[in-house]
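Descriptive analysis of the structure
Here is what each chain is made of, one letter per residue.
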Amino acid sequence: MSSTPAVAASSEDIGADGVRQPGGEVHAWLPGQNQTVCGLQLSRTRLRRFPHVRFDYASTDQLTEADPEGFICPRCLAATQGRRRQDKSWVRHSPRV
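Residues numbered from 1 in each chain as written. Predicted model: local features only at pLDDT ≥ 70, side-chain atom pairs only at ≥ 80, totals over all residues. Heavy atoms only, no water.

So, about the packing of aromatic side chains. What describes a pair of aromatic rings is the distance from one ring centre to the other and the angle between the planes of the rings. A complete count under the given rule lists one aromatic pair for this structure. With a centroid separation of 5.1 Å and an interplanar angle of 70°, the aromatic rings of Phe55 and Tyr57 are classed as edge-to-face. Side by side, Phe55 and Tyr57 carry an identical accessibility label, which is buried. (Phe/Tyr/Trp six-rings, centres within 6.5 Å; stacked < 30°, edge-to-face > 60°. Buried < 20%, exposed > 50% of the residue type's maximum accessible area, 1.4 Å probe, protein only.)

Turning next to the sheet that holds strand S3 (residues 48-54). Sheet strands associate in pairs through backbone hydrogen bonding, adopting either a parallel or an antiparallel arrangement. With mixed pairing, four strands are arranged side by side in an open sheet as S3-S1-S2-S4. Single-partner strands in this sheet number two, and they are S3 and strand S4 (69-72). Each strand axis lies, on average, 35° off the axis of its neighbour in the sheet, ignoring direction. Bridge analysis of strand S1 (residues 6-14) against S3 gives four bridges, and the strand direction is antiparallel. Bridged to Ala6 within S3 is Arg54. (Pairing = 2+ DSSP bridges. Helix = DSSP H or I, 4+ residues; strand = E, 2+ residues; numbered from the N terminus. Axes fitted to C-alpha atoms, helices over the stretch in contact; angles between N-to-C directions.)

This part covers the environment of Cys38. Here Cys38 is to be found in the loop between strand S2 (20-29) and helix H1 (42-45). Since its relative accessible area comes to 18%, Cys38 is described here as buried. In the structure, Cys38 is positioned 38 residues away from Cys76 in sequence and 5.3 Å away in space, judged by C-alpha atoms.

Averaged over all residues, the pLDDT of the protein chain is 85; the fraction at 70 or higher stands at 89%. For the protein chain, S4 is the element with the lowest average pLDDT, namely 86, and S3 is the one with the highest, namely 93. (pLDDT = per-residue confidence, 0-100.)

Moving on to the side chain of Thr36. Structurally, Thr36 is set in the loop between S2 and H1. A residue is classified by how much of its surface remains accessible, and Thr36, at 1% relative accessible area, is buried.

We now examine the nonpolar core. Ranked by size, the top nonpolar core spans 13 residues in total, and within it Val7, Val26, Phe55, Tyr57 and Cys76 carry the most contacts. Elements with a contribution of two residues or more to this core: S1, S2, S3 and helix H2 (74-81). Excluding its chain neighbours within four sequence positions, the residues that come into contact with Tyr57 are Val7, Pro22, Val26, Glu69, Ile72, Leu77 and Gln81. With five residues, the next largest nonpolar core counts Ala6, Ala8, Leu42 and Leu47 among its residues. (Core = buried A, V, L, I, M, F, W, Y, C linked by side-chain atoms within 4.5 Å. Contact = heavy atoms within 4.5 Å.)

What follows is the structure, given as structure tokens:
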């Protein structure tokens, strides 16, 4: 089982180089499991697996009409990005003194 999330999508698009690319609704999927990171069952939702495509989307990505992806799952984004590092500039000194 891999810990690097790959893509599971509702449709596929053939790229200029002849390789399958995800399209439609895009979710994060860990190869070796039968569900997406957000909990959708791949078999019931009929999502196609793309183990050769890493899920490297960010919450700041903008989708346009030219992109084959129409929707990126916000729950999968949250699960794969983890907590952001907060600025360590604020430090509490001598609490309750």
